[in-house]
Amino acid sequence: MYFPVYRPRRFRRTENLRRMVRETSLRVDQLVYPLFVMPGKGVKNPVPSMPGVHQFSVDTLLKEVKSAAGLNIPAVLLFGLPSAKDEWGSEAHAESGAVQQATRAIKDRYPDLVVITDVCLCEYTSHGHCGLLKGKEVDNDATLEVLAKTALSHAQSGADLVAPSDMMDGRVGAIREALDESGLDQVGILAYSAKYCSGFYGPFRDAADSAPQFGDRRAYQMDMANSEEAMREVALDIEEGADMVMVKPALPYLDIIRRVKDEFDRPVAAYNVSGEYAMIKAAAANGWLDEQRVMMETLIAIRRAGADLILTYFAKDAAKVLRA
Ligand SMILES: [Zn+2]
């Protein structure tokens, strides 16, 4: 079919024509809202590099959750900050930990809201690495036990899904086993399967106070240049029991999202990370970009790449646009 018989512009003439042939949609059902929770009362600390994002104590978090639930956002993802850090990240699995308390409080008031908890140690360790150290290296197998313990404590607090983000080998299997042994076979695992070592996490480390005190995370997070390896990571996680898999970050890795969607039969989540959020916020604050427009363009791009779910700090803003 060639010009002049076929003229693609015919379907671009009016908004209703464009609507009819629009291929990709974004629904509020596909948004997950990440939140940071810390010990204390009445805390609502703004995160300077992420305008609109705060660290909350459980009481103020509940207000934020209420407004998200009011916008019909189906799920939140919780990150915790401890009252004290140690070498072993002990507070990650404390019953009185911020995530555990927040999960119980949310489930008490909003039982239908899906609570997903991030499972990692970097916010809880004094050295800021995602696992236990042996010398200057992260000890994979020793870390598995602590991650499983952490995931179990989240599940026992009422989490619907636990989301390991550490990138240790074998952690999905270890967590599945721990959950099943405790009769929590209905708690799902959203695995950060293809998590890249990325410069786009910068602002998150302010929010979660989780920057490594020495070295970096290249020895466990994926190399940005690798695509085949991402497929092996996803395959491993599914084999070990992942119910959902994630690609993180989203925007610089849209090709990976598409490959995972095409090659595997599991819901695919994509994390629109702090740096992706901060770039848009900063440019918009300078008047260089139309914030709402590029936000929606970004989220649609992630959906078009194949993501079923998007974890995004824009969740509330996008939900408002979608409602209007
Ligand atoms: Zn971590």
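In the nomenclature of an unreviewed UniProt entry, the chain corresponds to Delta-aminolevulinic acid dehydratase from the organism Syntrophobacter fumaroxidans. Entered under Sequence similarities (unreviewed entry) in the UniProt record, the comment concerning the chain runs "Belongs to the ALAD family." The UniProt entry for the chain carries the following comment under Subunit (unreviewed entry): "Homooctamer."

J.: Residue-level account of the overall build of the chain, with values.
T.: Looking only at helices and strands, one finds 11 helices and 12 strands in the chain. For the chain, the spread of C-alpha atoms along the three principal axes comes to 70 × 45 × 40 Å. Looking at the chain residue by residue over its 324 residues, the buried ones come to 55%.

J.: Break down the packing of aromatic side chains for me, citing the residues and quoting the values.
T.: Inspection of every chain in the model, using the stated rule, returns 10 aromatic pairs. Between phenylalanine 36 and tyrosine 313 the ring centres are 6.2 Å apart and the planes differ by 10 degrees, which places this aromatic pair in the stacked class. Linking phenylalanine 36 in strand β1 (residues 31-37) with tyrosine 313 in the loop between β12 (309-312) and α11 (315-323), this pair joins segments that are 277 residues apart in sequence. The burial state of phenylalanine 36 is the same as that of tyrosine 313; both residues are buried.

J.: Mind laying out the packing of helix α8 (residues 254-263) against helix α10 (residues 291-305), listing which residues take part and the relevant values?
T.: Orientation of α8 relative to α10, taken along the N-to-C sense of each, is 35 degrees, at an axis distance of 8 Å. Residue-level contacts link Leu254, Ile257 and Arg258 of α8 to Ala301, Ile302, Arg304 and Ala305 of α10. Classifying every residue of the contact of α8 with α10 by side-chain character gives five nonpolar, no polar and two charged.

J.: Describe helix α3 (residues 98-109), listing the residues and the values that go with them.
T.: With 12 residues, α3 extends 17 Å from end C-alpha to end C-alpha; this agrees with the ideal 16 Å at 1.5 Å per step. Buried residues in α3 make contact with β1, α2 (58-70), β4 (75-80), β5 (114-119) and α4 (140-157).

J.: Any chance you could break down the UniProt feature "binding site: 5-aminolevulinate 1" (unreviewed entry) in the chain for me, citing the residues and the numbers?
T.: Look at the UniProt record and you will see "binding site: 5-aminolevulinate 1" (unreviewed entry) annotated at Arg205 and Arg217. Looking only at the residues we just named, the largest cavity is lined by Arg205 and Arg217. With respect to the helices, strands and loops of the structure, arginine 205 is situated in helix α6 (residues 202-208). Residue arginine 205 is classed as partly exposed on the basis of its relative accessible area of 23%. In this view, arginine 205 contacts Ser210, Ala211, Pro212 and Arg217; residues no more than four positions away in its chain are not counted. Here arginine 217 lies in the loop between α6 and α7 (228-240). Judged by its relative accessible area of 3%, arginine 217 falls in the buried class. Apart from residues no more than four positions distant in its own chain, arginine 217 is found in contact with Cys122, Gly128, His129, Cys130, Cys197, Arg205, Ser210, Ala211 and Pro212. Of the polar contacts made by the side chain of arginine 217, one reaches the backbone oxygen of glycine 128; its length is 2.8 Å.

J.: Break down empty space enclosed by the protein for me, citing the residues and quoting the values.
T.: Applying the stated criterion across every chain, the model contains two cavities of 30 Å³ or more. Roughly 140 Å³ of volume is contained in the largest cavity. Forming the walls of the largest cavity are 19 residues, and the residues nearest its centre are Cys122, Lys195, Tyr201, Phe204 and Lys248. Of the residues that constitute the lining of the largest cavity, the class distribution is nine nonpolar, four polar and six charged. In this structure, the second largest cavity spans a volume of roughly 50 Å³. If you go around the second largest cavity, the residues you meet are Met167, Met168, Asp169, Gly170, Arg171, Glu233, Leu236, Asp237 and Glu240. Looking at which element gives the most residues to the lining of the second largest cavity, the answer is α7, with four residues. Its residues assigned to classes, the lining of the second largest cavity shows three nonpolar, one polar and five charged.

Scoring rules and cut-offs
Each residue is numbered by its place in its chain's sequence as written, counting from 1. Local features in this predicted model are restricted to residues whose pLDDT is 70 or higher, and side-chain atom pairs enter the listing and the counts only when it is 80 or higher, whereas totals over whole chains, interfaces and linings include all residues. Note: side-chain values were computed over all heavy atoms of the structure, leaving out hydrogens and water. UniProt positions are given in the numbering used here, feature names are shortened, and annotations may be inferred rather than shown by experiment. What counts as a helix is a DSSP run of H or I of at least four residues, what counts as a strand is a run of E of at least two, and both are numbered from the N terminus. A 1.4 Å probe rolled over the protein chains alone gives each residue an accessible area, and that area as a share of the maximum for its type sets the label: buried under 20%, exposed over 50%, partly exposed in between. Note on aromatic pairs: the rings of Phe, Tyr and Trp (six-membered ring only in Trp) are paired at centre separations within 6.5 Å, and the planes decide the class, stacked below 30 degrees, edge-to-face beyond 60, tilted for the rest. Axes, fitted as lines to C-alpha atoms, cover a helix only where it is in contact. Angles between the N-to-C directions of the axes lie from 0 to 180 degrees. Contacts are assigned to residue pairs that have any heavy atoms within 4.5 Å of one another. Residues are grouped as follows: nonpolar covers Ala, Val, Leu, Ile, Met, Phe, Trp, Tyr, Cys and Pro; charged covers Asp, Glu, Lys and Arg; every other residue, Gly included, is treated as polar. Take the residue count of a helix, subtract one, and multiply by 1.5 Å to get its expected span. In this analysis a 1.4 Å probe is tested at points of a 1 Å grid over the protein atoms alone, and where it fits but cannot get out there is a cavity; an open set with protein on both sides within 12 Å along at least five of seven lines is a pocket; lining residues have an atom within 4 Å of a point. We define a polar contact as two N or O atoms separated by no more than 3.5 Å, with the added condition that, inside protein, one atom must be a possible hydrogen donor and the other a possible acceptor, whereas residues neighbouring each other in sequence contribute only through side-chain atom pairs. Grid points are joined across faces, edges and corners, and a volume is the space filled by probe spheres set on the points.

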